[in-house]
Amino acid sequence: MIRPTTARIDLAALTSNYRSIVEFVTRERPDAPPGVIAVVKANAYGHGAGQVALALEQTGAALLACADIEEGAVLRAAGVRAEILVFGALSVSDLDGLFDCQLTPTISTPGAAQAVQAAAARYKRRLRYHLKIDTGMNRLGFRADNLRRTLPGLLASENLQLDGVYTHFATADVPDSPLFEQQRVRFERALSDVAQLGGRPTYRHASNSAALLRDSRVWFDLVRPGLLLYGIVPPPLASTVPLQPVMTLTSRVVAVKGVRTGEVTGYGGRFTAERPTTLAIVPAGYADGLDLRLAGRGVVLIRGRRAPIVGSVCMDMLMADVTGMDVSPGDEVVIIGAQGGDRIDAREMAASVGTIPWEVVCRVGSRIERVYR
Ligand SMILES: *Cc1c(COP(=O)(O)O)cnc(C)c1O
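Fair warning: this is a prediction, and the values are worked out from it, not measured in the lab.

Novice: Got a minute to help me understand the overall build of the protein chain in this structure?
Specialist: Broken down by element type, the protein chain carries 11 helices and 21 strands. Projected onto its principal axes, the C-alpha positions of the protein chain cover 75 × 40 × 35 Å. The 373 residues of the protein chain split such that 52% are buried. Carbon and sulfur atoms form 50% of the exposed surface of the protein chain, whose accessible area is close to 16,300 Å². Charge separation in the protein chain, taken as the distance between the mean sites of 42 positive and 37 negative side-chain charges, equals 1 Å.

Novice: What should I look at first to understand the domain arrangement of the protein chain in this one?
Specialist: Where the parts come together, the accessible area they lose is often given as the size of the interface. Partitioning the protein chain into structural domains gives domain 1 (11-230) and domain 2 (247-344). Measuring from the centre of the C-alpha atoms in domain 1 to the corresponding centre in domain 2 gives 41 Å.

Novice: Any chance you could explain the site of the ligand here in plain terms?
Specialist: Val39, Lys41, Tyr45, Phe87, His168, Asn208, Ser209, Arg224, Pro225, Gly226, Leu227 and Trp358 make up every residue found near the ligand. For the ligand, an oxygen atom lies 2.5 Å from a polar atom in the side chain of Ser209. In this structure, an oxygen atom belonging to the ligand sits 3.0 Å away from a side-chain N or O atom of Trp358. Protein contact buries 92% of the 390 Å² of open area that the ligand shows by itself. Looking at the shell around the ligand residue by residue, the class counts come to six nonpolar, four polar and two charged.

Novice: Any chance you could explain a nonpolar patch on the surface here in plain terms?
Specialist: On the surface, a cluster of nonpolar side chains totalling about 300 Å² of accessible area is made up of Tyr286, Leu292 and Met315. Its place among the elements puts Leu292 in the loop between β15 (277-282) and β16 (299-302). According to the relative accessible area criterion, Leu292 is exposed, its value standing at 52%.

Novice: Hey, could you run me through the packing of aromatic side chains in this one?
Specialist: Geometrically, a pair of aromatic rings is defined through the distance of the ring centres and the angle of the planes. A full pass over the atoms with the stated rule returns six aromatic pairs. With a centroid separation of 4.8 Å and 25° between ring planes, the pair formed by Tyr45 and Tyr230 is classed as stacked. With Tyr45 in helix α2 (residues 41-45) and Tyr230 in the loop between β10 (222-223) and β11 (247-252), this residue pair connects regions lying 185 residues apart in the sequence. In this pair, the class of Tyr45 matches that of Tyr230, namely buried. When the centroid spacing of 5.2 Å and the interplanar angle of 85° are considered together, the rings of Phe187 and Phe220 count as edge-to-face. Placement of the pair is Phe187 in helix α8 (residues 178-196) and Phe220 in the loop between α9 (209-214) and β10, with a sequence separation of 33 residues. Above the plane of the ring of Phe180 lies Arg214, whose end atom (NZ or CZ) is 4.0 Å from the centre.

Novice: Just checking my understanding: could you explain the packing of helix α1 (residues 11-28) against helix α3 (residues 49-58) for this structure?
Specialist: Packed helix pairs are specified by the crossing angle of their axes together with the interaxial distance, meaning the distance between the axes. Packing of α1 against α3 leaves a shortest axis separation of 10 Å and a crossing angle of 50°. For the element pair α1 / α3, the angle class is oblique. In terms of crossing hand, the pair formed by α1 and α3 is right-handed. Note on element contacts: α3 touches α1 through Gln51, Val52, Ala55 and Leu56, opposite Leu11, Leu14, Thr15 and Tyr18. Here the residues of the contact of α1 with α3 sort into six nonpolar, two polar and no charged.

Novice: I tried to follow the nonpolar core on my own but got confused; where do I start?
Specialist: As a rule of thumb, soluble globular proteins bury nonpolar side chains together. Counting 114 residues, the largest nonpolar core has Leu14, Leu56, Leu98, Leu131, Leu154, Leu290 and Ile302 as its most contacted members. Broken down by element, the residue count for this core peaks at seven residues, all from α1. There are two domains that each give this core at least three residues, and those are domain 1 (11-230) and domain 2 (247-344). Leave out the neighbours within four places in its chain, and Leu14 touches Val52, Ala55, Leu56, Leu229, Tyr230 and Val246. In terms of nonpolar packing, the next biggest core, distinct from the first, is built from eight residues, Val259, Leu279, Cys314 and Met319 among them.

Novice: I tried to follow the state of the cysteines on my own but got confused; where do I start?
Specialist: When the sulfur atoms of two cysteines share a covalent bond, that bond is a disulfide. Summed over the entire model, instances satisfying the criterion amount to zero disulfides. The structure places no disulfide on Cys101, whose sulfur is separated from the nearest cysteine sulfur, that of Cys66, by 9.6 Å. What makes Cys101 buried here is its relative accessible area of 15%.

Novice: I keep staring at a negative patch on the surface and nothing clicks. Help me out?
Specialist: On the surface, a cluster of negative charge is made up of Asp68, Glu70, Asp94 and Asp100. Mapped onto the fold, Asp68 is located in the loop between β3 (63-66) and α4 (69-77).

Novice: I'm lost on the environment of Asp342 in this one. Help?
Specialist: Mapped onto the secondary structure, Asp342 falls in strand β20 (residues 342-344). Between the C-alpha atom of Asp342 and that of Leu14, which follows or precedes it by 328 residues, the distance is 21 Å. Among residues more than four places away in sequence, those in contact with Asp342 are Leu301, Arg306 and Gly337. A polar contact is formed between the side chain of Asp342 and the side chain of Arg306, at a distance of 2.7 Å.

Novice: Whenever I open this one, α1 confuses me. Can you help?
Specialist: Since there are 3.6 residues in each turn of an α-helix, residues three or four apart along the chain are aligned in direction. Its 18 residues place the ends of α1 26 Å apart at the C-alpha level, agreeing with the 26 Å of an ideal helix rising 1.5 Å per residue. Between a side-chain oxygen at the N-terminus of α1 and the backbone nitrogen of Ala12 the separation is 3.1 Å; the capping residue is Asp10.

Rules and cut-offs
- Residues numbered from 1 in each chain as written.
- Predicted model: local features only at pLDDT ≥ 70, side-chain atom pairs only at ≥ 80, totals over all residues.
- Heavy atoms only, no water.
- Helix = DSSP H or I, 4+ residues; strand = E, 2+ residues; numbered from the N terminus.
- Buried < 20%, exposed > 50% of the residue type's maximum accessible area, 1.4 Å probe, protein only.
- Areas by Shrake-Rupley, 256 points an atom, 1.4 Å probe, with all protein chains shown as cover.
- Lys, Arg positive; Asp, Glu negative; His and termini not counted.
- Charge placed at Lys NZ, Arg CZ, Asp CG, Glu CD.
- Domains from an automatic or database assignment.
- Near = heavy atom within 4 Å.
- Polar contact = N/O pair within 3.5 Å; in protein donor to acceptor, adjacent residues only side chain to side chain.
- Nonpolar A, V, L, I, M, F, W, Y, C, P; charged D, E, K, R; others polar.
- Patch = residues over 30% accessible without salt bridge, like charges linked within 9 Å, V, L, I, M, F, W, Y side chains within 5 Å.
- Salt bridge = Lys/Arg side-chain N within 4 Å of Asp/Glu carboxyl O.
- Phe/Tyr/Trp six-rings, centres within 6.5 Å; stacked < 30°, edge-to-face > 60°.
- Lys NZ or Arg CZ within 6 Å of the ring centre and 35° of its normal.
- Axes fitted to C-alpha atoms, helices over the stretch in contact; angles between N-to-C directions.
- Parallel < 35°, antiparallel > 145°, perpendicular 65-115°, else oblique.
- Left-handed = near helix turned anticlockwise from the far one by under 90°.
- Contact = heavy atoms within 4.5 Å.
- Core = buried A, V, L, I, M, F, W, Y, C linked by side-chain atoms within 4.5 Å.
- Disulfide = S-S within 2.5 Å.
- Expected span 1.5 Å × (residues − 1).

So, in structure tokens, the structure goes:
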């Protein structure tokens, strides 16, 4: 039994994107190409963490990253054996999972440093970790201008071994933002502070997808693409890396309804037919992760043509205006993906409702079955 609304996940496209990224950084920096941390947090951006991670691992990804210990446990349960870096803060986490699931923590606060050191001592282990430096995003990380005071204690921790140092950019996808360059310079300075304090990390890394595309000076030893792996380029950037979209979200028309001039459709009656109108009813709604704001703004593809979403996005269905088109129940509806010669990608859908493509794919609901091929 499978619902008409499904997300097809093209694992061949995913692994091709991974290889394209590897080829791109190798071509640009053949002497010392950076490695790739494949970011599979948030259920692999809605694509399904286990299957995505295993496919990437088979393609050669040696290092994956997730948001928290619980996501790491899901990856291990799916059989992932590659190293897994946990990005998130650990100060309120149950740290046993780090050891049970062989995860590599990020230490981003002095409090977490103490907690992880104490846990590693309890397990009688020397645990490798990545240190996160805050260079101006002001979210997680040790302040870059304060390392001489905050780092010596961490570097002296008996049961902890510094394996990586990283930072995260706030504005890599904002082309004219000066903060990107400031963060780059602060990170360089922080790396030399770490070295002067005796830290000898194996890896330095900083680049999310946008930074990877934008500036090879911030590639360091590893790059950390998320969105690019899924075949989506961070707006407003353009890309020369050949990428293929990985997720296709489709449904089927379940009913076709004729509406007379002056009648409305949907909650609130916000769409009024200005002419005799034909509506296709599609069994996908906000409970499937579709944004309410698509009503009146977004489109779906039916019979190769763009049909505006009208009225309201309901919990379990939406209405599309198919006036003048020959549409029958059972016809395929493309919500994200290609049909005929046209395509609606996550970037377009995000732009139509004023959000970002990361959110569009992450929000594809748990009710929607992912079908892998
Ligand atoms: C999510 C995340 C990434 C990947 O970001 P994209 O923009 O999807 O490439 C990289 N690094 C960190 C720390 C992240 O949290």
